[in-house]
Amino acid sequence: MFIIEPIKYSLYLGGSTILFSLLLDNTICKKTTMNYWKTNPELYMQGLMANYINLIFLSPVNYTIAYNKFLNTEIHELQYIKLLIILLIHNFLYYCFHYGMHKNKFLKKFHEFHHKFKITTSTSGNAVSVSEFLFAYVSPFIVGSILTYPTRETFDISILVISFLNSIIHVNEFKNLSWPSYLVSPGHHINHHDSYEHTYSAPLINLDYLLHYKKD
């Protein structure tokens, strides 16, 4: 069983996500971040701590399992079709799980902490409970890797794509940007935080729009 290698790769991924989010928090999101420091520093610190727990401590454990059980580590290449499939699986399963965390009484408690951030910054994207992180963030990647048996490179890129988009859609300063309707925009997701509106897609394909469009 490999341990050191997967932990190293996982820390690269988690560290990159944290650094990217902190960069956005202290540049584009600086106004919102400073407002948190003035009005509710405890909540902002709790959000940062959740980022570290989820991405630095929990992720290596899950990544090590996937690396040893569900990834093809014998070849080294980026598999574009499998990458797309993993992204679509994650997008669909997150939609389902997010819906469940709004509708199911037992699952609702997983999601309560994340919705304390009514005005969001980039780091709010991973400011979730341990239960939500494992249930809604990690498990779709595990399912995707089981179904596709991707290379490590393919798996890693899928994680980075989802992680970086997740950071971007929580940037409050991006909420008025124009965005293709079939993609989840910052405005779409930030409105969900502000109003608790029943929209469940994140962070890539806007299934809320596509499903509604199909009904129309």
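In the block above lies the structure referred to throughout.
Residues numbered from 1 in each chain as written. Predicted model: local features only at pLDDT ≥ 70, side-chain atom pairs only at ≥ 80, totals over all residues. Heavy atoms only, no water.

(A) Fine view of helix α8 (residues 186-195). For α8, the tally of buried residues reaches seven of 10 residues, placing the bulk of the element in the interior. Of the positions making up α8, those classed as buried are Pro 186, Gly 187, His 188, His 189, Ile 190, His 192 and His 193. (Buried < 20%, exposed > 50% of the residue type's maximum accessible area, 1.4 Å probe, protein only. Helix = DSSP H or I, 4+ residues; strand = E, 2+ residues; numbered from the N terminus.)

(B) Focus on a nonpolar patch on the surface. A grouping of Met 49, Tyr 52, Ile 53, Phe 57, Val 130 and Leu 134 is seen on the molecular surface, where their side chains present a nonpolar patch of about 520 Å² in accessible area. Secondary-structure elements contributing two or more residues to the nonpolar patch are α3 (41-69) and α6 (130-148). Within the secondary structure, Val 130 sits in helix α6. The exposure class assigned to Val 130 is partly exposed, which follows from its relative accessible area of 38%. (Patch = residues over 30% accessible without salt bridge, like charges linked within 9 Å, V, L, I, M, F, W, Y side chains within 5 Å. Areas by Shrake-Rupley, 256 points an atom, 1.4 Å probe, with all protein chains shown as cover. Salt bridge = Lys/Arg side-chain N within 4 Å of Asp/Glu carboxyl O.)

(C) Region of interest: the packing of aromatic side chains. A full pass over the atoms with the stated rule returns 17 aromatic pairs. Relative to Tyr 67, the ring of Phe 2 has its centre 6.1 Å away and its plane inclined at 80 degrees; by these criteria the two rings are edge-to-face. A residue pair is termed long-range when its members are at least 10 positions apart, and Phe 2 in the segment before α1 (4-25) and Tyr 67 in helix α3 qualify at 65 residues. Here Phe 2 falls in the exposed class, since its relative accessible area comes to 51%. Ring-pair connections join several aromatic residues into one group, and the members of that group are Phe 2, Tyr 9, Tyr 63, Tyr 67, Phe 141 and Phe 155. The side chain of Lys 8 reaches across the aromatic face of Tyr 9, ending 5.1 Å from its centre. (Phe/Tyr/Trp six-rings, centres within 6.5 Å; stacked < 30°, edge-to-face > 60°. Lys NZ or Arg CZ within 6 Å of the ring centre and 35° of its normal.)

(D) Quick peek at the pattern of salt bridges. In this structure the tally under the stated criterion is three salt bridges. For Glu 5, the salt bridge is made with Lys 8, and the minimal N-O distance between the two is 3.3 Å. Of this pair, Glu 5 and Lys 8 both sit in helix α1, three residues apart, which is roughly one turn of that helix. Judged by relative accessible area, Lys 8 falls into the partly exposed class, the value being 31%. Put simply, Glu 153 and Arg 152 hold a salt bridge, and the shortest N to O gap is 3.3 Å. Here Glu 153 and Arg 152 have matching classes, each one buried. A single salt-bridge network, built from bridges that share partners, covers Arg 152, Glu 153 and Asp 156.

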